[in-house]
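One-letter residues, chain by chain:
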Amino acid sequence: MEMPIKPSCIFCQIVAGTARGHKVWEDEHSLVFLDLFPASQGHTLLIPKPHWENLFETPAEYLERIIRLSKPIADALYTVYEPDGLSVIQLNGAAAGQTVFHYHMHLIPRWHGTAMQIHGRRQASREELDEAAAHIAAALPSSLTHT
């Protein structure tokens, strides 16, 4: 199966290596990286590498991969950040708040007393994101292949 891509999609550009992404983990099917505008520390995105705009277009086997991958990523976020909770969010269509039209899941660590936003207002620095990605990657189980 040829991997569908959309050259104008920022997530496809991150997959292709033509745009910078702060990668936590990847394999041939999926990519995990940090949100440039985090709603909280450790705000992580999980995507299939092929381009499908939303849940309705994405094949079930890719959705299953993302769901299975969300557990070890969530565990790593808990290890690194010790949040009070974790939001797992997936948006489909502009009316639902989707802003990047490539299927993706948000894992957002949450603490009591902080705002419940999905998209952050401030772009994190390259250094902050690189450091966070390294810490999260180091907390992943050895059963996942690190990149």
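Residues numbered from 1 in each chain as written. Predicted model: local features only at pLDDT ≥ 70, side-chain atom pairs only at ≥ 80, totals over all residues. Heavy atoms only, no water.

Caption draft 1: Examining the overall build of the chain more closely. Looking only at helices and strands, one finds three helices and five strands in the chain. Taken from the N to the C terminus, the helices and strands of the chain come in the order α-β-β-β-α-β-β-α. The globule rule puts the C-alpha radius of gyration for 147 residues at 15 Å, and the 14 Å found for the chain is close to it. C-alpha atoms of the chain, sized along the principal axes, occupy 40 × 40 × 25 Å. Expressed as a percentage of its 147 residues, the buried residues of the chain come to 46%. Long-range pairs, those at least 24 residues apart, make up 61% of the contacts in the chain between residues at least 6 apart in sequence. Counting only carbon and sulfur atoms, one obtains 55% of the accessible surface of the chain, whose full area is about 7700 Å². In the chain, 11 positive and 16 negative side-chain charges are present, and the distance between their average locations comes to 3 Å. (Helix = DSSP H or I, 4+ residues; strand = E, 2+ residues; numbered from the N terminus. Rg over C-alpha atoms; globule rule 2.2 N^0.38 Å. Buried < 20%, exposed > 50% of the residue type's maximum accessible area, 1.4 Å probe, protein only. Contact = heavy atoms within 4.5 Å. Areas by Shrake-Rupley, 256 points an atom, 1.4 Å probe, with all protein chains shown as cover. Lys, Arg positive; Asp, Glu negative; His and termini not counted. Charge placed at Lys NZ, Arg CZ, Asp CG, Glu CD.)

Caption draft 2: Structural view of unusual backbone geometry. Notably, Glu82 is not glycine yet its phi reads approximately 50°, a positive angle. Topologically, Glu82 is positioned in the loop between helix H2 (60-81) and strand S4 (85-89).

Caption draft 3: How the structure looks around the pairing of strand S2 (residues 30-34). Taking burial as the measure, the five residues of S2 include five buried ones, the bulk of the element. A two-sided burial pattern is seen for S2, the buried positions comprising Ser30, Val32 and Leu34 on one face and Leu31 and Phe33 on the other. Sheet topology note: the strand S1 (residues 23-26)/S2 ladder contains three bridges and is antiparallel. Its bridge partner lying in S2, Trp25 is registered against Val32. The sheet contact formed by S2 and strand S3 (residues 44-48) spans five bridges and is antiparallel. Bridging across to S3, Ser30 finds its partner in Pro48. (Pairing = 2+ DSSP bridges.)

Caption draft 4: Broad picture of the side chain of Ser87. With respect to the helices and strands, Ser87 occurs in strand S4. A distance of 2.9 Å separates polar atoms of two side chains, one belonging to Ser87 and the other to Arg110. (Polar contact = N/O pair within 3.5 Å; in protein donor to acceptor, adjacent residues only side chain to side chain.)

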